[in-house]
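Commentary on secondary and tertiary structure
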Amino acid sequence: QVQLVESGGGLVQTGGSLRLSCAASGLTFGTYSMGWFRRAPGKERESVAAISWSGRSTSYKAPVKGRFTISRDNANNTVYLEMNSLKPEDTAVYYCAASSRVFAGLGPRDAYNYWGQGTQVTVSS
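Residues numbered from 1 in each chain as written. Predicted model: local features only at pLDDT ≥ 70, side-chain atom pairs only at ≥ 80, totals over all residues. Heavy atoms only, no water.

1. Examining the packing of aromatic side chains
- Taken as a whole, this structure holds five aromatic pairs when the rule is applied.
- Summarising the aromatic geometry, the rings of Phe-37 and Tyr-112 are spaced 5.0 Å apart at their centres and angled 85° between planes, so their arrangement reads as edge-to-face. Highlighted residues: Phe-37 in strand β4 (residues 33-39) and Tyr-112 in the loop between β9 (92-99) and β10 (114-115), separated in sequence by 75 residues.
- Overall, the relative accessible area of 6% leaves Tyr-112 in the buried class.
- Chaining the aromatic ring pairs together yields one cluster made of Phe-37, Phe-103, Tyr-112 and Trp-115.
- The cationic tip of Arg-45 hangs over the ring face of Tyr-95; the distance from NZ or CZ to the ring centre is 3.9 Å.
- Residue placement shows Arg-72 over the ring face of Phe-29; its charged tip is 4.4 Å from the ring centre. (Phe/Tyr/Trp six-rings, centres within 6.5 Å; stacked < 30°, edge-to-face > 60°. Helix = DSSP H or I, 4+ residues; strand = E, 2+ residues; numbered from the N terminus. Buried < 20%, exposed > 50% of the residue type's maximum accessible area, 1.4 Å probe, protein only. Lys NZ or Arg CZ within 6 Å of the ring centre and 35° of its normal.)

If you want it as structure tokens, here you go:
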């Protein structure tokens, strides 16, 4: 079975940093595009970052561009989201997702086949 397991969430002050990890199993990881989504209080789930199967292409939603970095380690079936200069607006449950499709940019939500359980990120002050 396919599993995506996020870790690394927590409570951080404004301006702080966190690194989220997503460990994947049960799929041929190197053939899947990967993405990070988030759901903030009172808002719908939105895509924040995506990375191609090879890692050669990355995309970011404008509010996080320059602050967040998505990367992947195909040898270890892991995708990361490095978050710097965190703001209260970044508070959300963050989800890892995998897509068997190829697309430019962030890609549509329904293109993602598998989802993790989510990890809470809370930015205070």
